[in-house]
Structures are given as C-alpha cells and as structure tokens.
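Chain residues, written in single-letter form:
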Amino acid sequence: MNKTLILSFLLVLNGHFLQAQLLSGKIIDKETKEPVPYATVQLSDNSGVISNEEGYFTIDLGNTLAPNLRISCLGYTQKVLSLDAFEKANYIIALDESALQLNEVFVSNKTPNADAIIAKVRSRVKENYGVGPLSHELFYRESAYIDFARLDVEVERASHVEKDQIKGANISLDSLANVIVNSKAVHFTDFKGDLHVKDRENLKLSVDKATTLIDSKRDFSIENVQKKAQDIVLKYLDTTKTYKLKTGLFKIEDSLSLNEESGSDKDEYKISYLKSETEEVLKTSQLYDGSFLNRILDAKYYNYSFLDATFFNDELVYIIQFSPKRAKAKFTGRLYVSDDTHAVIKTDYRYGKGKRGQKVNLKLILGVKYIENARTGTIMYKKRTDNTYVPHYIKREEGSYFYVNRPFKFIENSTEKNKVAFDLMLEGDARNKEELLFITHTDLSSATYDAFEEKEKTPYQVLTKYDPTIWQNSKVITPLEEMKNFGNPE
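What counts and what doesn't
Residues numbered from 1 in each chain as written. Predicted model: local features only at pLDDT ≥ 70, side-chain atom pairs only at ≥ 80, totals over all residues. Heavy atoms only, no water. Helix = DSSP H or I, 4+ residues; strand = E, 2+ residues; numbered from the N terminus. Expected span 1.5 Å × (residues − 1). Buried < 20%, exposed > 50% of the residue type's maximum accessible area, 1.4 Å probe, protein only. Arc of directions from axis to C-beta. Core = buried A, V, L, I, M, F, W, Y, C linked by side-chain atoms within 4.5 Å. Contact = heavy atoms within 4.5 Å. Salt bridge = Lys/Arg side-chain N within 4 Å of Asp/Glu carboxyl O. Phe/Tyr/Trp six-rings, centres within 6.5 Å; stacked < 30°, edge-to-face > 60°. Polar contact = N/O pair within 3.5 Å; in protein donor to acceptor, adjacent residues only side chain to side chain. Patch = residues over 30% accessible without salt bridge, like charges linked within 9 Å, V, L, I, M, F, W, Y side chains within 5 Å. Areas by Shrake-Rupley, 256 points an atom, 1.4 Å probe, with all protein chains shown as cover. Pairing = 2+ DSSP bridges. Axes fitted to C-alpha atoms, helices over the stretch in contact; angles between N-to-C directions. pLDDT = per-residue confidence, 0-100.

Draft legend 1. Representation of helix α8 (residues 271-283) in the model. Here α8 is 13 residues long and its end C-alpha atoms lie 18 Å apart, about the 18 Å a rise of 1.5 Å per residue gives. Ile-271, Leu-274, Lys-275, Thr-278, Glu-279, Val-281 and Leu-282 are the residues of α8 that are buried. Along α8, the residues classed as buried sweep out an arc of 165 degrees about the axis, all on the same side.

In structure tokens:
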C-alpha cells in the first residue's frame, strides 16, 4: 500500500473515530490512476458533495440506512456502489472514461459545427438559466499566497533620535525583512451560509460559521508588512503626542495617537466584505449583457472549434475550444455543451498567450506597479427539476506581480514638529484562489427577500492548525493536503 493510500486510509479511520456518519475517500481514473477532481458524490437521497482538486471527498451519511454512493463526472461513466464495495476497494473509487465513437453518435461523417452550436447556446440562454429569485446554501473557501522576492526597509532620518537608536531600528528592520523574504505566507478563509439573490443587483448574505486558518508569525500581507515596519519605527516616538502620517505627497493620518488601541478585540468579518467577494465569484457564472461568460459566447470576440464529444450521465456533451479573435478578448479554454438542451454545463478558462489582466505602472510617480499575469477558472452547473441550470461549483484563481517603493514620514503635531522618515520597498508575487460550492438552491419570494435583515458583521474562529472537526457535520470542499498539513511541524 503506497504512502498516499496509507494517508488516505488513516484519514478515513480518523474521520470514523470523530463521527461515525462521516465517510471519506478518493476518486481516480481507472486507467491512469490520476485523481479525478470535481466529481459529484451523492447518496441515494440526492444529497452529496464534490471531490477536490486531489480527488478527495468527505460525505456525511446522516441517518441514511445502507446507502449507495452514486458518482458522476463529466467524461466518465456514472458509477453506483455500496458502502461494502467502497470499503473493500480501500476507499478508492476508480471511474471508467466514457467510451465514445463519434461515427456511432453522428449519422453523417460531418463534424458538428462549433459556431452553430454556440449560436444555439446563445438562443437558449434565457430558457436554460433561470433568473428568478433564489436562495443558495453555499460554502466559500479562499486560499491566499504571497511570496516576497525583495524587501528593503530603512530609517533615513529622525530629527530627535540619536544615531545609535537609528542604527538599532535599522537592524530590527533588516531582521524583519529577512524573516519575511524567507517565508512563504499563506492563509485560508472558509465560511458557510446562505446567499439570497433577488436579482443581479440585490443580494443578501447570512453566515452560519466562518474560520480563518493563519500563522500569525507569517501574516505578511502588504498592509501587514507596512504595519510591522511602522511598529518598529514607532518605538522611537513620543507616545504622548499625536502624529501626521504621510507617504510622498499624500497624508494618510492627520491625528494618529500611539496610545489608542487599533481595531477591535473581536474577530469579526464585515458581511459586506464577504458578500462582495462571493458576488465577484458568482458573477463569472452569470449570463447577462456584458458578463464574463456572455462575452466568451460572443462570436464577435472569440473563435470556436469542435474538439470532441463525451457523456455526462448518458447525456451527449460537445467539447468546444474557444480562443481570442480580437485584442479585447483575453481568454482561451473549453465549453462543454449539452446536446439536449444546448446549455453550457461546464467551462474551463485561462488567459490566452500573451494576455494579461489589470496593469498599473506608476513606478516613477507613486512608486507602485501591479500586473495581473495569470487567471484560470472552472465553472460547473447543475440542472434543477424544472430543467433550468444553476451554479454547482466555481473556482477562480488569479496571480499577480506587485512592486511598492514608498517613503513614509511621521510628523509630530507640536511646535517642534519632530519627524521620523523611513523608506519601504517591496516586490513579489501573489496568488489568490476562491472556490464556491453550491449545496442547495431554493426558490425565494420577493417578500421573503425584503423581510430578511442582513447583519453588519459575523464572528469568525481563528485557527493556527487545521482541525478536521470544524466542518465535520457540513457539506464542504475537502481541503487539499497543504491545508490539512497547515500548522504541523515540517
């Protein structure tokens, strides 16, 4: 039994000890033995979860007696097996790739026309994707990474501080810089709740539970690096005075008191912040004039070619390749289109060759440069009983380069106007991955939406080590190995 299988087996045993109703396993390709991501694992009552990027899943059996597992994934034959069979297979589910001979499916030898298929997709958008009010039970996960390639911080001058003290401050700043550059900062944010959507402009969010998994010693966001540097400099200021904080020509604070406690003692997220993050991810799946996906389906901007066909639960699915036709089009990828309904049931996308996202270069004026140099994503839909499609799983991942080179100055609000000036220069790369798993979808009346009162804040639990019990009774995305190992000694 190989190491991966042993670890998987131990995790399963650990899950059973924690709560007997939990069941964990891994889904692989029968031929290649590679993990199969985004496969739906359902019980006989249609409740289920999705496998993560490494093929792992965890499902709560609840009070179901002797259920069967039903596994379905685009491109694979649906599989149903009993719990006994699952156990005998060492909690590994091997899926068979869907065997498809195009000449058996298409009567003529003529390859399906990609442009005609996309035209039918556009003509049936309103029919396929319902716009009525819905309440989505969902799970959100953000994985954020930052890698500093360079960090220089130095006190340039202090009008009321001895040279030896300035030297000591710079030694402390050098030490801080070394720690930051040699670390790989990462943190994870999870929350589960309900997103109530009245229409494209009106959304309300309720949060049942939220967590953040973070190593406080390696909490090195750009804002946090600036604050850590400021804290070192502040040791040399008179805490009984207030200060102006300026960077370049811009005043950040007019009356900064060093005796005031910053922020709140409570660990809370603003609901508005979590909602805006969720909404931005959700928008990638929506089809309306000017939306991300609607643009990809616009033949004025993209070229289409027929690649292949496959099956999803015995339903024929076309695989259409898309690529930029105009300069304003940035993405390349694949659309998976149902032959029966001509709905897009899955989309994979990434930036095309030479394409980039937002770019800001104010290096000479403001000492700031930012380039979004990577974006990939996956959007999957689920058909409801009324034959309309709703989002099932969305992943959006972005990568960027950043550069900041700014002078900072503390100016004492006194007749002496004592000053401490320091320079901060940092550059590196950041990566941010967001995932949305939609668990249930419920029709929502306008009256119910209007009556719901959205809270201003929600508490969250701070974790310094992955805890498998936190979400054990919830339908969530099984964490990747890097998250499971977070906080464990290397």
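Draft legend 2. Looking closely at the nonpolar core. Within the largest apolar cluster, 53 residues are counted, with the highest numbers of intra-cluster contacts made by Ile-320 and Leu-335. Ranked by the residues each element gives to this core, the list is headed by strand β15 (residues 315-324), at 6 residues. Aside from chain neighbours lying at most four places away, what touches Ile-320 is Ala-114, Ile-117, Ile-118, Tyr-304, Ser-305, Phe-306, Gly-333, Arg-334, Leu-335 and Val-337. Core analysis: the second largest hydrophobic core is formed by 25 residues, Ala-158, Leu-245, Phe-402 and Phe-408 among them.

Draft legend 3. Just the pattern of salt bridges, in detail. Applying the stated rule across the entire model yields 21 salt bridges. The salt bridge involving Lys-300 is made with Asp-298; its shortest N-O contact spans 3.0 Å. Overall, the relative accessible area of 15% leaves Asp-298 in the buried class. Connected via shared salt-bridge partners are Glu-372, Arg-375, Arg-396, Glu-398 and Glu-434.

Draft legend 4. Expanded view of the environment of Ile-59. For Ile-59, the position within the fold is in strand β4 (residues 56-60). When the C-alpha positions of Ile-59 and Ser-24 are compared, they lie 6.4 Å apart, and in sequence the two are 35 residues distant.

Draft legend 5. Geometry of the packing of aromatic side chains. This structure, assessed with the given rule, holds 17 aromatic pairs. Relative to Tyr-389, the ring of Tyr-129 has its centre 6.0 Å away and its plane inclined at 45 degrees; by these criteria the two rings are tilted. Residue Tyr-129 is found in the loop between α5 (125-128) and β8 (134-158), and its partner Tyr-389 is found in strand β20 (residues 389-412); the two are separated by 260 residues along the sequence. In terms of burial, Tyr-129 and Tyr-389 fall into one category: buried. When the ring of Phe-188 is compared with that of Phe-486, the centres are 5.8 Å apart and the planes differ by 85 degrees; the resulting orientation is edge-to-face. Of this pair, Phe-188 sits in strand β9 (residues 185-199) while Phe-486 sits in the segment after α11 (481-484), and the two are 298 residues apart along the sequence.

Draft legend 6. Quick look at the environment of Lys-433. With respect to the helices, strands and loops of the structure, Lys-433 is situated in strand β21 (residues 419-443). According to the relative accessible area criterion, Lys-433 is buried, its value standing at 4%. Not counting residues within four places of it along the chain, the set of residues in contact with Lys-433 comprises Glu-53, Arg-141, Glu-142, Ser-143, Lys-395, Arg-396, Glu-397 and Leu-480. Side chain to side chain, Lys-433 and Glu-53 meet in a polar contact 2.8 Å long.

Draft legend 7. Structural context of a nonpolar patch on the surface. On the surface, Leu-362, Leu-364 and Ile-365 cluster together into a nonpolar patch covering about 370 Å² of accessible area. Here Ile-365 is to be found in the loop between β18 (359-362) and β19 (368-383).

Draft legend 8. Broad picture of the sheet that holds strand β1 (residues 22-29). Ordered by their spatial adjacency, 3 strands build an open sheet running β4-β1-β7, and the pairing between neighbours is mixed. Of all strands in the sheet, those bounded by a partner on one side alone are β4 and β7 (92-95). When the angles between neighbouring strand axes are averaged without regard to direction, this sheet yields 35 degrees. Pairing geometry for β1 and β7, over 4 bridges, is parallel. Paired with Lys-26 across the two strands is Ile-92, which belongs to β7.

Draft legend 9. Spotlight on the sheet that holds strand β5 (residues 68-72). Here 4 strands make up an open sheet; going across it, the order is β3-β2-β5-β6 and the pairing antiparallel. Only two strands of the sheet have a single partner each, and these edge strands are β3 (48-50) and β6 (79-82). Averaged over all adjacent pairs, the angle separating strand axes in this sheet is 20 degrees, with direction ignored.

Draft legend 10. A look at the confidence of the model for the protein. Overall, the predicted model of the protein reaches an average pLDDT of 83, with 83% of residues at or above 70. Scored below 50 in pLDDT, residues 1-20 shows 23 contacts in the model against residues more than four places distant or in partner chains. Taken together, the stretch residues 261-265 has pLDDT below 50 and engages in 1 contact with residues farther than four places along the chain or on a different chain.

Draft legend 11. Spatial organisation of the side chain of Glu-434. Considering the arrangement of structural elements, one finds Glu-434 in strand β21. A relative accessible area of 2% means that Glu-434 is categorised as buried. Here Tyr-140 takes part through its side chain, which lies 2.7 Å from a polar atom of the side chain of Glu-434.

Draft legend 12. Molecular detail of the pairing of β18. In this sheet, β19 lies alongside β18 in antiparallel orientation, the contact comprising 4 bridges. What sits directly across from Asn-361, in β19, is Lys-369. Here β18 hands over to β19 after 5 residues, with Gly-367 in that stretch at a positive phi of 70 degrees.

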